[in-house]
Amino acid sequence: MSKKYNIAVVGATGAVGQMMIKILIERKFPIDNLYLLASKKSKGKIITIEGNKYQIDSLEEFNFKGTDIALFSAGGEISKKYASIATKNNAVVIDNTSFFRYEDNIPLIVPEVNSNEISKYKETGIIANPNCSTIQMLVAIKPIHEVCKIKRINVCTYQAVSGSGNSAVEELKKQVQAFVNNEKLVSEVYPKQIAFNVIPQIDKFMDNGYTKEEMKMVWETKKILDSNIEVNPTTVRVPVFYGHSEAVHLELEENITANEVKNILSSENSNVVLVDEHKNGGYPCAANECENSNDVFVGRVREDISIKNGINMWVVSNNIRKGAAYNSIQIAELLIKDYL
């Protein structure tokens with residue numbers, strides 16, 4: 001009989017936590033015991049996923065003894081407090097918050113990009129999951145970078161409200177309904193209305209005028225892919241429920257044609273789905289291709305007419321799946337395959 005593992009999901013009542021459970025089921029992850037953890041006030045709550053009912057336990061009362069892998073997605077302060085408890089009890093922590101991402105001795109992993117770094121978890125017992133917008137961009141550009149080095153990335157993101165959690169999804173729904181009914185739109189999650197609007201701010205502003213979400217893409221690209229790549233991001237929140245979209249502009253060291261890039265992205269070494277036809281609808285969109293998919297989709301590949309050695313592309317992926325939950329489960333699958 002193949003080995004089975006005890007898995008804890010911290011933040012099991014949240015959007016990402018519930019998606020982690022769903023993907024564990026979809027992937028037939030070899031689970032012995034599944035511990036679903038949230039705050040004490042959620043203890044005893046029943047959630048239904050894929051037709052199965054699960055009871056929530058209290059994180060505060062859980063000691064992680066016997067747990068093999070702990071999947072954290074309950075906010076940085078929770079990870080700060082409880083990840084060390086998990087690792088002291090020999091659980092490997094896969095953390096979906098930003099709390100550990102920029103620690104030098106903690107690997108920051110996108111399995112399609114730098115799976116060889118996973119072994120570094122042995123120093124701390126922790127593996128960090130990158131930001132959702134970084135993950136999909138790096139999956140898309142890694143095969144290009146292997147063939148022709150990327151010098152600079154200029155990227156604009158169009159990010160779904162689910163990236164801010166269930167409360168943001170509800171806020172968009174309520175604002176749309178209020179707009180239809182000619183009622184006042186109430187904004188609590190975002191600084192301005194999100195319905196029928198775009199907001200050029202995700203996370204807080206930094207001293208350099210960029211937002212923290214934008215700087216995450218800079219820091220994480222350098223840590224995961226190549227420290228020599230310069231990144232200039234603008235991150236925008238849009239009235240989409242699920243799926244982040246990105247306009248990615250690459251400046252490469254050498255000339256490469258759009259057709260060559262398409263061939264690279266269509267090869268066996270690529271981990272993207274290329275949807276690129278010069279016709280109406282011949283490109284991927286968040287509400288179409290991404291809804292129930294773990295894939296990263298690329299379209300609109302073309303040569304940049306404004307700079308030398310430039311390539312433009314459109315990248316789309318489900319931020320709750322590949323941008324968070326699925327990436328974490330992929331890491332867990334590599335752990336049990338090669339290390340546990």
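Residues numbered from 1 in each chain as written. Predicted model: local features only at pLDDT ≥ 70, side-chain atom pairs only at ≥ 80, totals over all residues. Heavy atoms only, no water.

Asker: Explain unusual backbone geometry here, please?
Answerer: Trans is the common state for peptide bonds, and a negative phi is the common state for residues other than glycine. Located in the positive-phi region is Lys28, a residue other than glycine, with phi close to 55°. Turning to its location among the elements, Lys28 is positioned in the loop between helix H1 (15-26) and strand E2 (31-38). The backbone of Phe196 sits at a positive phi, close to 55°, despite the residue not being glycine. With respect to the secondary-structure elements, Phe196 resides in the loop between helix H5 (166-180) and helix H6 (212-224). Residue Phe196 is classed as exposed on the basis of its relative accessible area of 53%. (Helix = DSSP H or I, 4+ residues; strand = E, 2+ residues; numbered from the N terminus. Buried < 20%, exposed > 50% of the residue type's maximum accessible area, 1.4 Å probe, protein only.)

Asker: Looking at this structure, how should I read the packing of helix H4 (residues 132-147) against H6?
Answerer: Each pair of packed helices can be described by the angle between their axes along with the distance between the axes. Their axes nearest at 9 Å, the elements H4 and H6 cross at an angle of 45°. The orientation of H4 relative to H6 falls into the category oblique. Taken as a pair, H4 and H6 cross one another with a handedness that is right-handed. Packed against H4, whose contacting residues are Ser133, Thr134, Met137 and Leu138, the element H6 presents Glu213, Lys216, Met217, Glu220, Thr221 and Ile224 at the interface. For the contact of H4 with H6, a count of residues per class yields four nonpolar, three polar and three charged. (Axes fitted to C-alpha atoms, helices over the stretch in contact; angles between N-to-C directions. Parallel < 35°, antiparallel > 145°, perpendicular 65-115°, else oblique. Left-handed = near helix turned anticlockwise from the far one by under 90°. Contact = heavy atoms within 4.5 Å. Nonpolar A, V, L, I, M, F, W, Y, C, P; charged D, E, K, R; others polar.)

Asker: Is there a simple way to explain the sheet that holds strand E10 (residues 230-237) in this structure?
Answerer: The pairing of strands in a sheet happens through backbone hydrogen bonds and is either parallel or antiparallel. In space, the six strands of this open sheet follow the order E10-E9-E11-E14-E13-E12, with mixed pairing throughout. The open sheet terminates on both sides in strands that have one partner only, identified here as E10 and strand E12 (272-274). Recorded for the sheet is a direction-independent mean angle of 25° between the axes of neighbouring strands. Packing of H4 onto the sheet brings it into contact with strand E9 (150-159), strand E11 (244-252), E12, strand E13 (296-303) and strand E14 (310-317), and relative to E11 it is tilted by some 40°. Running at roughly 145° to E10, H6 makes contact with E9, E10 and E11 of the sheet. (Pairing = 2+ DSSP bridges.)

Asker: Got a minute to help me understand the nonpolar core in this structure?
Answerer: The nonpolar side chains of soluble globular proteins are, as a tendency, buried together. With 53 residues, the main nonpolar core has Phe64, Ile141, Ile153, Val248, Leu250 and Met313 as its most contacted residues. Considering each element in turn, this core owes the most residues, seven residues, to H4. Leaving out residues up to four positions away in the same chain, Ile141 has contacts with Ile150, Ile153, Leu225, Val248, Leu250 and Met313. Counting 34 residues, the second largest nonpolar core, distinct from the first, contains Ile7, Val16, Ile49 and Ile127. (Core = buried A, V, L, I, M, F, W, Y, C linked by side-chain atoms within 4.5 Å.)

Asker: Help me out: how do you make sense of the pattern of salt bridges in this one?
Answerer: Here the idea is simple: oppositely charged side chains can pair when their charged atoms come close. Counted by the stated rule, this structure contains 15 salt bridges. Lys142 serves as the salt-bridge partner of Glu146, at 3.1 Å between the closest nitrogen and oxygen. Of the two residues, Glu146 and Lys142 are both situated in helix H4; the distance of four residues between them amounts to about one turn of the helix. The exposure class assigned to Lys142 is buried, which follows from its relative accessible area of 16%. Glu213 is the salt-bridge partner of Lys216, the closest N and O atoms lying 3.8 Å from each other. With a gap of three residues between them, Lys216 and Glu213 both fall in helix H6, about one helical turn apart. (Salt bridge = Lys/Arg side-chain N within 4 Å of Asp/Glu carboxyl O.)

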